[in-house]
Amino acid sequence: MWSEAFLVDTPSGEKVAVLLMDTQGAFDSQSTVKDCATVFALSTMTSSVQVFNLSQNIQEDDLQHLQLFTEYGRLALESNDSKPFQTLQFLVRDWCYPYEAGYGLEGGNKILDRRLQVSDKQHPELQQVRQHINSCFSKISCFLMPHPGLMVATNPHFDGRLSDIEHEFKEQLKVLIPLLLAPSNLVIKEINGNKVSCRDLLEYFKAYMKIYQGDELPEPKSMLQATAEANNLAAVAGSKDMYSRDMEQVCGGDKPYIEPAQLEREHERCFNEVLNLFRKTKKMGGAEFCQVYEDQLCTEVLETYENFQKHNESKNIFAAARSPAVFFAFVIILYLLSGIFAFIGLMSMANVCNLLMGISLLMLVTWTYIRYSGTHREIGQVIDSIADFIWEKAMGPIYIFVLQLSVQKAIESQTMSSTGDRKSSITSLSRPETRKLK
C-alpha cells in the first residue's frame, strides 16, 4: 500500500481519501491456489475498485480463477441480497487484436460482453461461473491496453523514460488514469451498503489482521465473520461518536454547569437517538450477532455519560469549593470548642481541638497548593475524600437538622401570625353588630 493517502474533493462536495494498493502476482511458482485466492479476496474486500491485470486476453481459466477468488462473495450473498463487491476492472495489457476490438474502454467492454455472455449452449459449469461473477460485483468493465514497445519489454536497463514508451500506449494511459482516479469517477468504498470512513477501514484492517495471525490461511467463512465483526464495530464507533458530539453541545468544555436532572434528560435523548441510528444502520451477521454489539454500544455510552457527569460536576463552583469550605468551617468550629473547653478548665479537650485544628489547616494549605500546582493529585483525592467524610458524617447532618429546625420555626411563626391576624379581623367585624343589638 502506498504510504500516502491522497485527499480529493468530489463534485458532490465530499472529501475522499484515495489509497493505492498493489498485490503480488497470482499463480507464480511460489504461491499456491489458496494463497492467491486469499490475497485476491482480501484486496477485493478492502477496495472499491479492483483492477484485474491480465496479459493479452481474457481466457476461460481467468474466469475460473476469478470464481475461486470470490468464494467469500458467494458466502456473503447467502446472508444478504446486496452485491458484496463494487467495481471489477479487467485490464488487458499487450492487446494484440485491435482490428477485432479497439483499444480502450469501448473495445474492452465489447470483448468482456462476449466472455461473460451466458447461453444455453454452454456447459452448466461455465454458465455458473459467469452468473457468479455477475452476482458478486456491482459494476464490471474492461480496458484494453496496447503493448508499451520493445524498448520497455526487452531492454534490461529501461528506467521509465516516456520517450522509450510507444505513443499509442501513452495515449491510452491518458484515458485509463482519469477513468479510475478523476474526482468525478471515484468510487467510494462501501460494505453492506454503508460508506466506509477512514476510521471504519481501520476497524476492518484490525479484524482481518486477527484472522491472519495464525500459521494457516483463513477460510472464506472466517473472513466473512471478520468482516461482519468489523462492520458492527464500525457502527458502534459511529454511533458513539454521534453521542459524544451531541453531549458536547450540551455540557462540553465551553458550556456552563447544567443541572444533573436536565443532564440526565439530555443523556436519555441522545442515547435514544444513537440507539436508533445503530439499529437503522445496515449490518452483517444477523440479529443475534448484532445484539452483542448493541449491548457493547450501551455499555460504552454509559461509560461516556459517567465521564460527562464528572466533567459537568467539576464546573459546579460550590462542588469545587466544597473541600476548602468544609475544612474552613471545621477549623472555626474547633477554634470555638477549644476556647469553650479552655474556659471551663478542660485543657486536654482543648488541646485535642487545637491538634485537629492544626491538621485541618495543614490539609487546607496542602489542598490549595495541589490545586494550584496540579501535582500530587493522589494526595488531593485523599483530602477530598476526608472532606466528604466529614461533611457526610458530621457537618452535613447537623446542617440539615439546623435547616429543618429553622424552617419549622419559620412555619410555626408564620402560622401563629396568621392566626392572630384572623382573630383580630373577626373581632373588628363583630363589634358594630353588637352595638346595633344594644
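See above for the structure.
Numbering of residues begins from 1 in every chain and follows the order in which that chain's sequence is written. Given that this is a predicted model, residues contribute local features only at a pLDDT of at least 70 and side-chain atom pairs are listed and counted only at 80 or more, while totals for whole chains, interfaces and linings are drawn from all residues. Values shown for side chains rest on all heavy atoms present in the structure; no hydrogens or waters enter the calculation.

S.K.: Describe the overall build of the protein chain, listing the residues and the values that go with them.
M.R.: Each helix is a run of H or I in the DSSP string that is no shorter than four residues. Each strand is a run of E no shorter than two, and both are numbered from the N terminus. Of regular secondary structure, the protein chain possesses 15 helices and seven strands. For every residue, the accessible area (1.4 Å probe, protein chains only) is compared with the maximum for its type, and the residue is labelled buried under 20%, exposed over 50%, or partly exposed between those bounds. Expressed as a percentage of its 438 residues, the buried residues of the protein chain come to 34%. Any two residues whose heavy atoms approach within 4.5 Å at even a single point are treated as in contact. A separation threshold of at least 6 residues defines the contact pool for the protein chain, and within that pool the share at least 24 residues apart is 68%. Only the protein chains shown count as cover for residues, with accessible areas throughout obtained via the Shrake-Rupley method and a probe of 1.4 Å. Surface exposure of the protein chain reaches about 27500 Å², of which carbon and sulfur atoms provide 58%.

S.K.: Tell me about helix H10 (residues 260-280), and name the residues and values.
M.R.: By definition here, a helix of n residues has an expected span of 1.5 Å times n minus one. The first and last C-alpha atoms of H10 sit 30 Å apart over 21 residues, in line with the 30 Å expected at 1.5 Å per residue. Those residues of H10 lying buried are Leu263, His267, Cys270, Phe271, Val274, Leu275 and Phe278. Angularly, the buried residues of H10 cover 140° about the axis, an arc narrow enough to put them on a single face. Across H10 from its buried face, at more than 90 degrees, point the exposed residues Arg265 and Lys280. Note that the arc is defined by the directions from the helix axis to the C-beta atoms.

S.K.: For the nonpolar core, give the residues involved together with the corresponding values.
M.R.: The nonpolar core is taken to be a set of buried Ala, Val, Leu, Ile, Met, Phe, Trp, Tyr and Cys residues, with the residues joined through side-chain atoms within 4.5 Å. Counting residues in each nonpolar core, the largest one holds 54 residues, and the members touching the most others are Ile58, Phe90, Ile140, Tyr243 and Met247. Of all the elements, helix H9 (residues 220-251) adds the most residues to this core, at 10 residues. With residues up to four places along the chain from it excluded, the contact list for isoleucine 140 reads Leu88, Phe90, Leu112, Leu116, Ile133 and Asn134. Leu364, Ile383, Ala387 and Ile390 belong to the second-largest nonpolar core, a separate cluster that totals seven residues.

S.K.: Describe the packing of aromatic side chains, with residues and values.
M.R.: Here a Phe, Tyr or Trp ring, Trp counted by its six-membered ring, pairs with any other such ring whose centre lies within 6.5 Å, and the pair is stacked when the planes are under 30 degrees apart, edge-to-face when over 60, and tilted otherwise. Applying the stated criterion to the full structure yields five aromatic pairs. Look at phenylalanine 85 and phenylalanine 137: their rings are 5.3 Å apart centre to centre, the planes differ by 40°, and that puts the pair in the tilted class. Within this pair, whereas phenylalanine 85 is found in strand S4 (residues 85-93), its partner phenylalanine 137 is found in strand S5 (residues 137-144), the two being separated by 52 residues in sequence. A relative accessible area of 2% means that phenylalanine 85 is categorised as buried. An angle of 80° between the planes, with centres 5.3 Å apart, marks the rings of tryptophan 95 and tyrosine 97 as edge-to-face.

S.K.: So what's going on with the pairing of strand S3 (residues 49-55)? Residues and values would help.
M.R.: Alternating positions in S3 separate cleanly, Gln50, Phe52 and Leu54 being buried on one face and Val49, Val51, Asn53 and Ser55 remaining unburied on the opposite face. Relative to S4, S3 is paired through seven bridges, and the arrangement is parallel. Counted as the bridge partner of phenylalanine 52 is phenylalanine 90 from S4. We treat two strands as partners when DSSP finds at least two bridges between them.

S.K.: Please set out the packing of H10 against helix H11 (residues 287-314) residue by residue, giving values where relevant.
M.R.: Under this scheme, a helix contributes an axis fitted over its contacting stretch, all axes are lines through C-alpha atoms, and angles between N-to-C directions fall in the 0 to 180 degree range. H11 packs onto H10 with a crossing angle of 155° between their chain directions and a minimal axis gap of 11 Å. Taken together, H10 and H11 sit at an angle that is classed as roughly antiparallel. Our pair here, H10 against H11, has a crossing hand that is right-handed. Side by side, H10 and H11 meet where Leu263, Glu264, His267, Phe271, Val274, Leu275, Phe278 and Arg279 of the first sit next to Cys290, Tyr293, Glu294, Leu297, Cys298, Val301, Leu302, Tyr305, Phe308, Gln309 and Asn312 of the second. With respect to orientation, any angle under 35 degrees is reported as roughly parallel, any angle over 145 as roughly antiparallel, any angle of 65 to 115 as roughly perpendicular, and every other angle as oblique. Here a crossing is called left-handed whenever its near helix is offset anticlockwise from the far helix by less than a right angle, and right-handed whenever the offset is clockwise.

S.K.: So what's going on with the environment of alanine 228? Residues and values would help.
M.R.: Tracing the chain through its elements places alanine 228 in helix H9. Expressed as a C-alpha distance, the spacing of alanine 228 and glycine 285, which sit 57 residues apart in the sequence, is 5.5 Å. With residues up to four places along the chain from it excluded, the contact list for alanine 228 reads Met284, Gly285 and Phe289.

S.K.: Lay out the side chain of glutamine 89 with the relevant residues and their values.
M.R.: Mapped onto the elements of the fold, glutamine 89 is located in strand S4. Setting aside chain neighbours within four positions, we find glutamine 89 in contact with Val49, Gln50, Val51, Phe52, Leu105, Ser141, Cys142, Phe143, Leu179 and Leu180.

S.K.: Please give an account of a nonpolar patch on the surface that cites residues and values.
M.R.: Taken together, Ile333, Leu337, Ile340, Phe343, Ile344, Leu346 and Met349 make up a surface patch of nonpolar side chains, about 680 Å² in accessible area. Note on placement: methionine 349 falls in helix H14 (residues 347-373). Residues with no salt bridge and a relative accessible area higher than 30% make up the patches, which join like charges within 9 Å and nonpolar side chains (Val, Leu, Ile, Met, Phe, Trp, Tyr) within 5 Å. Salt-bridge detection follows one rule: a side-chain nitrogen of Lys or Arg within 4 Å of a carboxyl oxygen of Asp or Glu.

S.K.: Could you give an account of the sheet that holds S5, with specific residues and numbers?
M.R.: Strand pairing in a sheet is mediated by backbone hydrogen bonds. Such pairs are either parallel or antiparallel. An order of S3-S4-S5 is seen for the three strands of this open sheet, with the pairing classed as parallel. The sheet terminates laterally at S3 and S5, the two strands that pair on one side only. With strand direction ignored, the average angle separating the axes of adjacent strands in the sheet is 20°. Sheet contacts for helix H5 (residues 124-136): S4 and S5; angle to S5, the most-contacted strand, approximately 110°. Docked against the sheet, helix H7 (residues 167-181) engages S3, S4 and S5, running at close to 165° with respect to S5.

S.K.: Describe the side chain of aspartate 200, naming the residues involved and giving the relevant values.
M.R.: Along the chain, aspartate 200 turns up in helix H8 (residues 198-211). The residues contacting aspartate 200, other than those within four sequence positions of it, are Lys195 and Ala234.

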